[in-house]
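Listed below, chain by chain, are the residues.
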Amino acid sequence: MTDDAEQTNARDQEQKHLALEKKRERIVWFYLAYFLFGIHLVAFVMIYAVTHAE
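Since the model is a prediction, treat every value here as computed from it, not as a measurement. Sequence order as written defines residue numbering, which begins from 1 separately in each chain. Reporting of local features is limited, given that this is a predicted model, to residues whose pLDDT is at least 70; pairs of side-chain atoms are given and counted only at 80 or more, and all residues count toward the totals for whole chains, interfaces and linings. With hydrogens and water excluded, all non-hydrogen atoms of the structure serve as input to the side-chain values.

### Remarks on the overall build of the protein chain
The cut-off we apply is this: Segments assigned H or I by DSSP are reported as helices when at least four residues long, segments assigned E as strands when at least two residues long, and all are numbered from the N terminus. Every radius of gyration here is taken over C-alpha atoms, with the globule rule written as 2.2 Å times N^0.38, N being the number of residues. Summary of the burial criterion: residues with accessible area below 20% of their type's maximum are buried, those above 50% are exposed, and those between are partly exposed, where the area comes from a 1.4 Å probe applied to protein chains only. Surface accessibility in these figures is a Shrake-Rupley result with a 1.4 Å probe; residues are shielded only by whichever protein chains are displayed. His is not counted here, nor are the chain ends, while Lys and Arg score as positive and Asp and Glu score as negative. Where a charge lies is defined by one atom per residue type, namely NZ (Lys), CZ (Arg), CG (Asp) and CD (Glu).
A count of helical and extended segments in the protein chain gives one helix and zero strands. Here the protein chain has a C-alpha radius of gyration of 24 Å; the compact-globule value for 54 residues is 10 Å, and the former is much larger. Seen through its principal axes, the protein chain has C-alpha atoms that stretch 80 × 5 × 5 Å. Residues counted as buried form 0% of the 54 residues belonging to the protein chain. Here the protein chain displays about 5,600 Å² of accessible surface, and carbon together with sulfur accounts for 66% of that area. Taken as two groups, the 6 positive and 8 negative side-chain charges of the protein chain have centres that lie 6 Å from each other.

### Points about a nonpolar patch on the surface
Keep this limit in mind: Two distance rules govern patches: like charges are joined within 9 Å, and nonpolar side chains (Val, Leu, Ile, Met, Phe, Trp, Tyr) within 5 Å, applied only to residues with over 30% relative accessible area and no salt bridge. We define a salt bridge as a side-chain nitrogen of Lys or Arg found within 4 Å of a carboxyl oxygen belonging to Asp or Glu.
Together, Trp 29, Leu 32, Phe 35, Leu 36 and Ile 39 line one region of the surface with nonpolar side chains, adding up to about 530 Å² of accessible area. Take Phe 35: it is sitting in helix α1 (residues 2–51).

From the geometry alone we can't say anything about function, so treat these as descriptive.
In structure tokens, the structure reads:
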């Protein structure tokens, strides 16, 4: 009986670990997306400033 309980416990821990890893990976992708969006926004503002300078 304890072997069954240990396997169930190990499986539950693995599922929790995979869920946490998936959540963290999604957060990293969001940070990357916001970073790239910010870089492009700054680049467009700089291009606008250079092209409209006197």
